[in-house]
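# Understanding the architecture of this molecule
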Amino acid sequence: MIKVYGIKNCSTCVKALKWLEVQGKSFEFIDYRAQPIAPETILTWAAELGWAKLINKASTSWRGLSEEQKQASTDTEFLALLAEFPTLMKRPVLLTQNRIILGFKPEAYEEFFA
């Protein structure tokens, strides 16, 4: 089962979901603003991908943080930021069994599902 974590009104998430539908992929969408992700799950993703990829530093949410908040460097600090500002996470996060991909680019999804 494919799980897609994102925010329902995020344009990138909408594009990813439409791509999956057109491809006939069955998936479950989890809006992590409405259903916060367990810290253990986020830590698993961070261990695999790294915080540098998981946190979207190009987002308006990131630009709105204080300089002190932007200095986060530990799991605890990043988890606290994501708890307060869920839109800091790059989205969507797509999982299939033991594979994960961040963001959405049609060519990356094609390769991921090849």
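Refer to the preceding data block for the structure.
### Structural notes on the packing of helix α1 (residues 11–22) against helix α7 (residues 106–113)
It is at 11 Å that the axes of α1 and α7 come closest, and there the two elements cross at 45°. Accordingly, the angle class assigned to the pair α1 and α7 is oblique. Regarding α1 and α7, the two cross each other, and that crossing is right-handed. Contacts between α1 and α7 involve A16, W19 and L20 from the former and P106, Y109, E110 and F113 from the latter. Taken together, the residues that form the contact of α1 with α7 break down as six nonpolar, no polar and one charged.

### Some thoughts on the nonpolar core
Ranked by size, the top nonpolar core spans 26 residues in total, and within it Y5, I42, W45, W51, L54 and M89 carry the most contacts. At the level of elements, α2 (39–49), α3 (51–54), α6 (75–84), β3 (93–96) and β4 (99–102) are the ones that each hand at least two residues to this core. Ranked by the residues each element gives to this core, the list is headed by α6, at four residues. Ignoring any residue separated from it by four or fewer positions in sequence, one finds W45 in contact with Y5, I37, G50, L54, M89, V93, L95 and I100. In this structure, I2, W19, I101 and F112 belong to the second largest nonpolar core, which totals eleven residues.

### A few points about the packing of α2 against α6
Contact geometry for α2 and α6: axes closest at 11 Å, N-to-C directions at 120°. In terms of axis orientation, α2 runs oblique to α6. Between α2 and α6 the crossing geometry is right-handed. Facing α2, whose interface residues are P39, I42 and L43, α6 presents D75, L79 and L82.

### Some details on the sheet that holds β4
Spatially, the four strands line up as an open sheet ordered β2-β1-β3-β4, and their pairing is mixed. Edge positions in the open sheet fall to β2 (27–31) and β4, since each of these has one partner strand only. Shown here is a sheet whose adjacent strand axes are inclined to one another by a mean of 20°, direction ignored. Strand direction decides the pairing type here: strand β1 (residues 2–6) and β3, joined by four bridges, are antiparallel. Bridged to V4 within β3 is L94. Contacting β1, β3 and β4, α2 runs over the sheet at an angle of about 80° to β4.

### Comments concerning α2
Within α2, burial applies to I42, W45 and A46. The buried residues of α2 occupy an angular sector of 100° when projected down its axis, which confines them to one face. Away from its buried face by more than 90 degrees, α2 exposes E40 and A47. As for α2, its buried residues are in contact with β1, α3, α6, β3 and β4. Within two residues after α2, G50 carries a phi angle of roughly 90°, on the positive side.

Quick notes on the rules
- Residues numbered from 1 in each chain as written.
- Predicted model: local features only at pLDDT ≥ 70, side-chain atom pairs only at ≥ 80, totals over all residues.
- Heavy atoms only, no water.
- Axes fitted to C-alpha atoms, helices over the stretch in contact; angles between N-to-C directions.
- Helix = DSSP H or I, 4+ residues; strand = E, 2+ residues; numbered from the N terminus.
- Parallel < 35°, antiparallel > 145°, perpendicular 65-115°, else oblique.
- Left-handed = near helix turned anticlockwise from the far one by under 90°.
- Contact = heavy atoms within 4.5 Å.
- Nonpolar A, V, L, I, M, F, W, Y, C, P; charged D, E, K, R; others polar.
- Core = buried A, V, L, I, M, F, W, Y, C linked by side-chain atoms within 4.5 Å.
- Buried < 20%, exposed > 50% of the residue type's maximum accessible area, 1.4 Å probe, protein only.
- Pairing = 2+ DSSP bridges.
- Arc of directions from axis to C-beta.

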